[in-house]
Amino acid sequence: MKNITKKFRDEILKKEKLLNYAKEKLKQEFVGIDKVIDEVIDSISSWFLFPHIQERPVVVSLWGLTGTGKTELVNR
């Protein structure tokens, strides 16, 4: 049981580190939308960290003027 718990904890920590890396990388590439990047990462973090306990799909809605980088942000 301890090995399973440690393995699960290590997996969560690894995923959390990956999310933090992605957040910082996106902030370097997209200037002026740090708050939006934080909100998007926060919105998907539970889905990414704990996909096995999700009962419903996670929906994140991005809206804004044409050319503001919505699609590019999602693709990155």
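What you see is a predicted model; the values in this text were computed from it and never measured.

Rules of the game
- Residues numbered from 1 in each chain as written.
- Predicted model: local features only at pLDDT ≥ 70, side-chain atom pairs only at ≥ 80, totals over all residues.
- Heavy atoms only, no water.
- Patch = residues over 30% accessible without salt bridge, like charges linked within 9 Å, V, L, I, M, F, W, Y side chains within 5 Å.
- Areas by Shrake-Rupley, 256 points an atom, 1.4 Å probe, with all protein chains shown as cover.
- Salt bridge = Lys/Arg side-chain N within 4 Å of Asp/Glu carboxyl O.
- Helix = DSSP H or I, 4+ residues; strand = E, 2+ residues; numbered from the N terminus.
- Buried < 20%, exposed > 50% of the residue type's maximum accessible area, 1.4 Å probe, protein only.
- Core = buried A, V, L, I, M, F, W, Y, C linked by side-chain atoms within 4.5 Å.
- Contact = heavy atoms within 4.5 Å.
- Phe/Tyr/Trp six-rings, centres within 6.5 Å; stacked < 30°, edge-to-face > 60°.
- Lys NZ or Arg CZ within 6 Å of the ring centre and 35° of its normal.
- pLDDT = per-residue confidence, 0-100.
- Expected span 1.5 Å × (residues − 1).
- Bend = angle between axes of the 7 residues up to and from the residue.

Colleague: When you look at a nonpolar patch on the surface in this model, what are you seeing that I'm missing?
Modeller: There is a patch of nonpolar side chains on the surface, built from Val36, Trp47, Val58, Val60, Leu62 and Val74 and spanning about 460 Å² of accessible area. With respect to the helices and strands, the residue Val58 is situated in the loop between helix H2 (34–49) and helix H3 (70–75).

Colleague: Looking at this structure, how should I read the pattern of salt bridges?
Modeller: A side chain of one charge can pair with a side chain of the opposite charge if their charged atoms are brought near each other. Tallying each qualifying case throughout the model produces 6 salt bridges. With its nearest N and O atoms 2.9 Å apart, the salt bridge here joins Lys6 to Asp10. Of this pair, Lys6 and Asp10 both sit in helix H1 (residues 2–29), separated by 4 residues, roughly a single helical turn. Classification of Lys6 as partly exposed rests on a relative accessible area of 44%. The closest approach of N and O atoms between Asp10 and Arg9, which form a salt bridge, is 3.6 Å. The partly exposed category is assigned to Arg9, whose relative accessible area is 47%. Because the salt bridges share partners, they merge into one network encompassing Lys6, Arg9 and Asp10.

Colleague: Would you explain the nonpolar core in this entry?
Modeller: Burial of nonpolar side chains together is a common tendency in soluble globular proteins. Ile12, Leu19, Leu26, Phe30, Ile37, Val40, Ile41, Leu49 and Leu73 together form the largest nonpolar core, which totals 9 residues. Elements with a minimum of two residues in this core: H1 and H2. Here this core takes 4 residues from H2, the largest share from any one element. When residues no more than four places from it in sequence are discounted, the contact partners of Val40 are Leu62 and Leu73.

Colleague: In this structure, what is going on with the packing of aromatic side chains? I would like to understand it.
Modeller: Centre distance and the angle of the planes are the two values used to describe a pair of aromatic rings. According to the stated counting rule, one finds 1 aromatic pair in the structure shown. One residue, Lys15, lies across the ring of Phe48, its end atom 5.6 Å from the ring centre.

Colleague: Is there a simple way to explain the confidence of the model for the protein in this structure?
Modeller: Averaged over the protein, the pLDDT score is 89; the fraction of residues at 70 or greater is 97%. Within the protein, H2 carries the highest mean pLDDT (92), whereas H3 carries the lowest (87).

Colleague: For this particular structure, what's the right way to read H2?
Modeller: Residues spaced three or four apart along an α-helix point in a common direction, a consequence of the helix completing one turn every 3.6 residues. End to end, H2 covers 21 Å across 16 residues, agreeing with the expected 22 Å (1.5 Å per residue, within 8%). The largest bend in H2 is about 30°, located at Ser43. Within H2 the residues assigned to the buried category are Ile37, Val40, Ile41, Ser45 and Leu49.

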